[in-house]
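Working through the structure, step by step
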Amino acid sequence: MDAETGTTTQLIKLEMDANGIRKDLDVTQIYLAQRNLEKVESLGCYRHLNELWLNGNKLRQVTCLRDNFQISHLYLQDNELVCISKAISHLSCLKVLMLHNNQLTKLGETINEMRNMQALHTLNLYHNPLAQEKEYRLYVIFRVPSLELLDRKEVQPSERAKAFRRYKPDEQRQLDSVAFGRRCRVPSIPVGSSTEMDQLPVTALTDSFSGSDDDSDLPNRIGDGEYADNHLAEGPVKRSVMQYSHFDWSKVPRAEERRLNSTCNVADKAQIITVRFR
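What you see is a predicted model; the values in this text were computed from it and never measured.

Below, the discussion takes up the nonpolar core. Judged by nonpolar contacts, the single largest core of 48 residues is most densely connected at Leu43, Leu65 and Leu74. Taken together, the elements giving at least two residues each to this core come down to helix H1 (8–18), helix H2 (107–112) and helix H3 (136–143). Sorting elements by how many residues they give to this core places H3 first, with five residues. What leucine 74 contacts, discounting residues up to four positions off in sequence, is Leu52, Leu65, Ile88, Leu91, Leu94, Val96, Leu97 and Met98.

Now for the packing of H3 against helix H4 (residues 157–167). The geometry of H3 relative to H4 is characterised by a closest axis approach of 9 Å and an angle of 90° between their N-to-C directions. What the angle tells us is that H3 and H4 run roughly perpendicular. Of the residues in H4, those touching H3 at Arg137, Leu138, Tyr139, Ile141 and Phe142 are Glu159, Arg160, Lys162, Ala163, Phe164 and Tyr167. Here the contact of H3 with H4 is built from residues that sort into seven nonpolar, no polar and four charged.

On to the sheet that holds strand S5 (residues 122–124), then. Strand order in the open sheet formed by seven strands is S1-S2-S3-S4-S5-S6-S7, with mixed pairing between adjacent strands. At either end of the open sheet lies a strand with only one pairing partner, and these are strand S1 (29–31) and strand S7 (153–154). Note: strand S6 (residues 149–150) against S7, two bridges, orientation antiparallel. Each bridged residue has a counterpart across the sheet, and for leucine 149 the counterpart in S7 is glutamate 154.

Applying the stated rule across the entire model yields three salt bridges. A salt bridge links aspartate 24 to lysine 13; its shortest N-O distance comes to 2.8 Å. In this pair, aspartate 24 sits in the loop between H1 and S1 while lysine 13 sits in helix H1, placing the two residues 11 residues apart along the sequence. With a relative accessible area of 33%, lysine 13 lands in the partly exposed category. Residues glutamate 135 and arginine 166 are paired through a salt bridge, measuring 2.8 Å at the closest nitrogen-oxygen approach. Residue glutamate 135 is found in the loop between S5 and H3, and its partner arginine 166 is found in helix H4; the two are separated by 31 residues along the sequence. Of the residues examined, glutamate 135 reaches a relative accessible area of 29% and is grouped as partly exposed.

Within the structure shown, the criterion is met by four aromatic pairs. Summarising the aromatic geometry, the rings of tryptophan 53 and tyrosine 75 are spaced 5.2 Å apart at their centres and angled 5° between planes, so their arrangement reads as stacked. Taken as a pair, tryptophan 53 in strand S2 (residues 51–53) and tyrosine 75 in strand S3 (residues 73–75) lie far apart in primary sequence, 22 residues in all. For tyrosine 75, a relative accessible area of 17% puts it in the buried group. Grouped by ring-pair contacts, the aromatic residues Tyr31, Trp53 and Tyr75 constitute a single cluster. Taking the ring centre of tyrosine 126 as reference, the NZ or CZ of arginine 152 above it sits at 4.4 Å. Positioned over the ring face of tyrosine 167 is arginine 166, at 5.0 Å from the centre of the ring.

Each value, and the rule that gives it
Residues numbered from 1 in each chain as written. Predicted model: local features only at pLDDT ≥ 70, side-chain atom pairs only at ≥ 80, totals over all residues. Heavy atoms only, no water. Core = buried A, V, L, I, M, F, W, Y, C linked by side-chain atoms within 4.5 Å. Buried < 20%, exposed > 50% of the residue type's maximum accessible area, 1.4 Å probe, protein only. Helix = DSSP H or I, 4+ residues; strand = E, 2+ residues; numbered from the N terminus. Contact = heavy atoms within 4.5 Å. Axes fitted to C-alpha atoms, helices over the stretch in contact; angles between N-to-C directions. Parallel < 35°, antiparallel > 145°, perpendicular 65-115°, else oblique. Nonpolar A, V, L, I, M, F, W, Y, C, P; charged D, E, K, R; others polar. Pairing = 2+ DSSP bridges. Salt bridge = Lys/Arg side-chain N within 4 Å of Asp/Glu carboxyl O. Phe/Tyr/Trp six-rings, centres within 6.5 Å; stacked < 30°, edge-to-face > 60°. Lys NZ or Arg CZ within 6 Å of the ring centre and 35° of its normal.

Nothing here speaks to function; it is geometry throughout.
Here it is, written out as structure tokens:
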């Protein structure tokens, strides 16, 4: 609905009459763009409001959405907003949020408003003072992991990985050290070293198969807190250690061989061959 003159409430009512809408609950879209509005009255009576255009006005703050919870598309660009704290954090259904061309200065405070917006996939913040902050883009990508499009540019997987390494380095080191459900010790080898390939640990371990699942003697389980602390203290992990195990049945006689050859040792057991590599 397109507003022309009067207060926002009057404008909306006029448009409802013009479009044959009698109940406030039937209003799902409101268009109040380019009206030089300095303030918008509460829109709480429009409980099913889904899309709202308030762009191109003179708004310095947003106080009209405190009782709206179903908005998925919100257009607030081209205003004079200086702060959105406690204004939109309850909009957990938000998918598209346009905030470009405003006067937002506090990056952390602004992004904190989006902490509950798990469906938010499109966000514009360019042409705000906060967009000049160092590593602004990485910070936003890290804090709002659901984003697919930021400032009209698609979020790349490499950017997500870089943001995670930048703001969660300890967790990233732990992830890098996990292979096949176990934490493996990884020596620190300088990247690009001429002896890097020579130092890669490749070992084959052979154990008798006892049918037991008890691995309590292995110090590299993820739950081993002491080892995890020691591992993190070793410095950044260059690559993950991979571990591959399989049974060696070549020395175990088959049932037919045992029947034909009485000298076969029935007690022969399969062996586990484990190979660890990077």
